[in-house]
Amino acid sequence: MPPIVLLHAFPFDAALFAPQVKGLAALQILPPNLIGFGDQPAKRPVSMADQADHIIAALDKHGIEKAIIGGVSMGGYVSLALLNKHPNRVAGLILADTRADGDDATAKANRAKAIATVESGGVAAVVDLQLPRLLGESTRASAPEIVQTVREIAVRQSSSGVVAAIEMLRDRPDWTATLPGITVPTLILVGEEDVVTPPNLSHAMHAAIFGSSLVTIPQAGYLAIFEQPAALFAAVSTF
């Protein structure tokens with residue numbers, strides 16, 4: 001199997017994939033930080049195309065010609081941007097709890113509110129508002145340690161990086177029309193309790209991408225592959 005690049009969700013960094021890197025130790029896993037997160041300085045403005053080029057630079061640094069590109073939510077958007085801009089570098093796709101369409105007017109208005117929250121109260125303020133939606137009801141009820149870990153990863157991100165990313169998410173392209181043209185092997189994952197990018201969106205992508213595989217992860221939400229890493233291990237092994 002080619003190396004697997006895992007791209008994190010908003011507003012986290014690559015530490016989100018620590019269980020996956022450990023659990024998939026037999027595979028070559030590369031979990032880079034996106035621009036503005038973890039050890040990567042913020043850039044404003046930053047686009048999905050910029051993030052795609054950033055990942056290509058990481059592949060070049062590691063001498064990787066082709067990789068399976070996988071992403072959660074924001075990471076999924078970057079994966080689609082990378083496929084569209086650098087198709088010859090993609091051996092396959094893993095799209096987890098993500099979507100292909102762009103923001104509508106309501107979503108854009110919510111982005112503006114999120115930016116205002118960060119600017120007035122810091123990253124922790126927006127994280128605490130969003131956290132109940134980022135994890136499945138089952139996880140929040142039974143795994144407080146996961147809730148705490150997720151919060152710790154999110155609140156350590158910089159305000160500048162988070163604001164730039166919100167603007168990037170607001171302005172991202174709509175990739176819906178490109179889905180039928182995807183010919184690389186594609187695995188779509190979604191938590192059955194995801195209320196941010198609910199399962200119907202993953203079903204729509206599955207229907208649009210010929211030959212794709214769809215796996216619904218029970219007792220998990222938006223961060224399904226973090227909440228239930230064993231489900232990811234099984235799905236990737238099969239993939």
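Coordinates for the structure precede this section.
Residues numbered from 1 in each chain as written. Predicted model: local features only at pLDDT ≥ 70, side-chain atom pairs only at ≥ 80, totals over all residues. Heavy atoms only, no water.

## Things to note about the sheet that holds strand β2 (residues 29-30)
Read across the sheet, six strands follow the order β2-β1-β3-β4-β5-β6 without closing on themselves; strand pairing throughout is parallel. In this open sheet, the two edge strands, each paired with only one partner strand, are β2 and β6 (213-217). Lying on the sheet, helix α2 (residues 48-61) is in contact with β1 (4-7), β2 and β3 (67-72); it crosses β1 at an angle near 145°. (Pairing = 2+ DSSP bridges. Helix = DSSP H or I, 4+ residues; strand = E, 2+ residues; numbered from the N terminus. Contact = heavy atoms within 4.5 Å. Axes fitted to C-alpha atoms, helices over the stretch in contact; angles between N-to-C directions.)

## So, the environment of Gln130
By the secondary structure assignment, Gln130 is in helix α5 (residues 123-134). For Gln130 and Val196, which are 66 residues apart along the polypeptide, the C-alpha to C-alpha distance reads 9.8 Å. Excluding residues that lie within four positions of it along the chain, Gln130 makes contacts with Phe10 and Ala114.

## Some thoughts on the environment of Ala109
Checked against the element boundaries, Ala109 lands in helix α4 (residues 105-121). The partly exposed category is assigned to Ala109, whose relative accessible area is 37%. Here the alpha-carbon distance between Ala109 and Arg170, two residues 61 residues apart in the chain, equals 9.1 Å. (Buried < 20%, exposed > 50% of the residue type's maximum accessible area, 1.4 Å probe, protein only.)

## Observations regarding the environment of Ala208
With respect to the element layout, Ala208 can be found in helix α9 (residues 199-208). Among the residues examined, Ala208 registers a relative accessible area of 26% and is labelled partly exposed. Along the backbone, Ala208 and Lys43 are 165 residues apart, and their C-alpha atoms lie at a distance of 33 Å. Not counting the four nearest positions on each side in its chain, Ala208 is found in contact with Leu179 and Pro180.

## As for the pairing of β6
Note: strand β5 (residues 186-191) against β6, five bridges, orientation parallel. Counted as the bridge partner of Gly191 is Ile217 from β6. Crossover connection from β5 via α9 to parallel β6: handedness right-handed. (Right-handed = clockwise from strand over helix to strand, strands pointing away.)

## Remarks on the nonpolar core
Note on soluble globular proteins: their nonpolar side chains tend to be buried together. In terms of nonpolar packing, the biggest core is built from 80 residues, with Phe12, Met74, Leu93, Leu189 and Leu223 touching the most fellow members. When neighbours within four sequence positions are excluded, Phe12 is seen to be in contact with Phe37, Leu134, Val150, Ile153, Ala154, Gln157 and Leu223. (Core = buried A, V, L, I, M, F, W, Y, C linked by side-chain atoms within 4.5 Å.)

## Regarding unusual backbone geometry
Following Phe10, the chain continues to Pro11 via a peptide bond in cis, the omega torsion being 0°. Mapping Pro11 onto the fold places it in the loop between β1 and α1 (18-23). Of note, the bond from Arg44 into Pro45 is cis; its omega dihedral lies within 30 degrees of zero at 5°. The phi torsion at Asp97 lies on the positive side, around 45°, for a residue other than glycine. Looking at the element boundaries, Asp97 is found in the loop between β4 (90-96) and α4. Overall, Asp97 belongs to the buried group, its relative accessible area being 1%. One non-glycine residue, Gln219, lies in the positive phi region at around 55°. Here Gln219 shows up in the loop between β6 and α10 (224-227).

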